[in-house]
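What follows is the residue order along each chain.
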Amino acid sequence: MKVSASKNQVRRIGSKKHNTFVANGIDKHKPTALVPPSFLKSFSNELEKKIEIQHNIIEKLLVKAIGKPFYSDKGFILYRGDTIELLEKLSKYDLHIDLFLTSPPYNIGKEYERPMSVDDYIKWCHKWMSYIYKLTHDNGAFWLNVGYLEVPEKGLCVPIPYLLWDKTEFYLLQEIIWKYGAGVSTKLRLSPRNEKWLFYVKNQKKYTFNLDEIRDPNVKYPNQKKNGKFRCNPLGKNPSDIWEFPKVTTGSKRSSKERTGHPAQFPLGVVERIVKASSNQAELVFDPFAGSASAGIAAYGLGRLFIGFEIREDYCQMAVDRFEAFQKERRLSQSQLELF
Ligand SMILES: C[S@@+](CC[C@H](N)C(=O)[O-])C[C@H]1O[C@@H](n2cnc3c(N)ncnc32)[C@H](O)[C@@H]1O
């Protein structure tokens, strides 16, 4: 699949210092801000209208299929309930999701998990992944974030992709390593500092992949030329399959404003990259294990529509409070811009 920068796009890369500056602005945001600046941009009237129309159609279908949502506002719909029960009902309806993106429980004894044997865990994952497959648009994608679990008598930190990668009808395009700096320290083995994203598509020949939207402008030799032409794409390089994003920090002094009370929150920078790469504006993004709705914040901030399922009421409320605080920040930022 060839993706080239359109001619009228501004050259985003420059000096190394400039590149680092721009790259930081793209993937990260100030710890004092709730969201990255890219989520605060206003949309055209046409897109606003499109989202509103889509929202009304989708909400009507969802209410018919699975009842009243926990929360619904233009472009953001959240249900409280068990994902398998809800997905099963929904899969009987004509709904086509452009992007599923999620991180399920890893079966490692977290407060939001129901303990299962490894075999049962694999069967359980297989079940919800099969509903996801049914509900995915023909050109859609499924991004699955997983870590490690213990397989008794066999291994302590067994990568969950080894157990799950082919337990779905999706086509596995590739695995992405998400690397982060801080985490638990161990003495008898190496400290874990990565998780994986499995990037699946439904149709290996035709799928959305907006490389130019996620190019990394942090290029080492931006001005290198060949036959008088710049070697590097003017928007930057392909960000590769190793991504470095810090985990959302916690603790009284180093906690970022992005942090909610949820114990396993996605950093918004990671979900921003996935939403931009694998969906277009006004399309549907779905997280069946929504937690604090990080995927929903990214989807909404980037002009997509979000549907989320979450089993715990306290997390649903956390997600709604977060979403409303974000909406407030968005409105404030836009009204400030209108002053100039
Ligand atoms: C790893 S966390 C997801 C966190 C999320 N990515 C975020 O950024 O906040 C998994 C979530 O799945 C929820 N969950 C667990 N079992 C569930 C089920 N059967 N149906 C729906 N949600 C479930 C948990 O309560 C938890 O919030």
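Residues numbered from 1 in each chain as written. Predicted model: local features only at pLDDT ≥ 70, side-chain atom pairs only at ≥ 80, totals over all residues.

Asker: For the overall build of the chain, give the residues involved together with the corresponding values.
Answerer: Each helix and strand counted, the chain has 8 helices and 13 strands in total. Relative to its length of 340 residues, the chain is compact, with a C-alpha radius of gyration of 20 Å against a globular reference of 20 Å. Expressed along its principal axes, the backbone C-alpha trace of the chain runs to roughly 60 × 55 × 50 Å. Taking all 340 residues of the chain together, 34% fall into the buried category. (Helix = DSSP H or I, 4+ residues; strand = E, 2+ residues; numbered from the N terminus. Rg over C-alpha atoms; globule rule 2.2 N^0.38 Å. Buried ≥ 20, exposed ≤ 12 C-beta atoms within 10 Å, placed from the backbone.)

Asker: Any chance you could break down the packing of helix α3 (residues 83-90) against helix α4 (residues 118-135) for me, citing the residues and the numbers?
Answerer: In contact at an axis separation of 9 Å, α3 and α4 are set at 30° when each is read in the N-to-C sense. Classed by the angle they form, the pair α3 and α4 counts as roughly parallel. The handedness of the crossing between α3 and α4 comes out as left-handed. From α3, T83, I84, L87, E88 and L90 reach across to α4, where they touch K127, W128, Y131, I132 and L135. Residues of the contact of α3 with α4, tallied by class, amount to 7 nonpolar, 1 polar and 2 charged. (Axes fitted to C-alpha atoms, helices over the stretch in contact; angles between N-to-C directions. Parallel < 35°, antiparallel > 145°, perpendicular 65-115°, else oblique. Left-handed = near helix turned anticlockwise from the far one by under 90°. Contact = placed C-beta atoms within 7 Å. Nonpolar A, V, L, I, M, F, W, Y, C, P; charged D, E, K, R; others polar.)

Asker: Can you break down the packing of helix α6 (residues 268-278) against helix α7 (residues 294-301) residue by residue, with the values?
Answerer: As a packed pair, α6 and α7 sit with axes 9 Å apart at the nearest point and diverge in direction by 55°. Considered as vectors, α6 and α7 are oriented oblique to each other. Note that α6 runs across α7; the crossing there is right-handed. Listed contacts from α7 to L268, V271, E272 and V275 of α6 are S294, A295, I297, A298 and A299. Here the residues of the contact of α6 with α7 sort into 7 nonpolar, 1 polar and 1 charged.

Asker: Explain the site of the ligand residue by residue, including any values.
Answerer: Neighbouring residues of the ligand: 18 residues in total, closest T83, Y112, F289, G291 and S294. Of the residues that constitute the shell around the ligand, the class distribution is 8 nonpolar, 7 polar and 3 charged. (Near = placed C-beta within 6 Å.)

Asker: I'd love a proper account of the environment of N145, names of residues and values included.
Answerer: By the secondary structure assignment, N145 is in strand β4 (residues 136-146). Beyond its immediate chain neighbours, meaning those up to four positions away, N145 contacts S103, E195 and W197.

Asker: If you had to explain the nonpolar core to someone new, which residues and values would you point to?
Answerer: Soluble globular proteins: nonpolar side chains tend toward being buried together. With 62 residues, the main nonpolar core has V271, V285, A295, I297, A299 and F306 as its most contacted residues. Not counting residues within four places of it along the chain, the set of residues in contact with V285 comprises D98, L99, L101, V275, S279, A295, A299, R304, L305 and F306. (Core = buried A, V, L, I, M, F, W, Y, C linked by C-beta atoms within 7 Å.)

Asker: Which residues make up the confidence of the model for the chain, and what values do they have?
Answerer: Of the residues in the chain, 91% reach a pLDDT of 70 or more, and the chain-wide mean stands at 91. A low-confidence stretch, residues 1-5 stays under pLDDT 50, and its non-local contacts, those more than four residues away or across chains, total 7 contacts. (pLDDT = per-residue confidence, 0-100.)

Asker: An account of the sheet that holds strand β13 (residues 305-310) is requested, with residue identities and associated values reported.
Answerer: Spatially, the 9 strands line up as an open sheet ordered β1-β2-β13-β12-β3-β4-β8-β7-β11, and their pairing is mixed. The outermost strands of the open sheet, each flanked by one partner alone, are β1 (71-73) and β11 (242-244). The mean angle between the axes of side-by-side strands here comes to 15°, regardless of whether they run parallel or antiparallel. Sheet analysis places β4 next to strand β8 (residues 194-201), joined by 6 bridges and oriented antiparallel. (Pairing = 2+ DSSP bridges.)

Asker: How would you sum up the pairing of strand β12 (residues 284-287)? Please name residues and give values.
Answerer: Because side chains alternate across β12, one face comprises the buried residues L284 and F286, and the other comprises V285 and D287, equally buried. Taken together, the 2 bridges between strand β3 (residues 97-102) and β12 define a ladder with parallel strand orientation. By the bridge assignment, F100 is partnered in β12 with F286. The sheet contact formed by β12 and β13 spans 4 bridges and is parallel. Pairing of L284 across the sheet is with L305, part of β13. Tracing the backbone out of β12, into α7 and back to the parallel element β13 gives a crossover that is right-handed. (Right-handed = clockwise from strand over helix to strand, strands pointing away.)

Asker: Quick rundown of unusual backbone geometry? Include the residues and the values.
Answerer: Look at E153: it is not a glycine, yet its phi comes out positive at around 65°. Tracing the backbone through its elements, the reader meets E153 in the loop between β5 (148-151) and β6 (155-159). C-beta crowding within 10 Å serves as the criterion here: with 5 such atoms nearby, E153 is assigned to the exposed category. Here the phi dihedral of S240 falls at roughly 70°; this positive angle occurs in a residue that is not glycine. Within the secondary structure, S240 sits in the loop between β10 (229-230) and β11.

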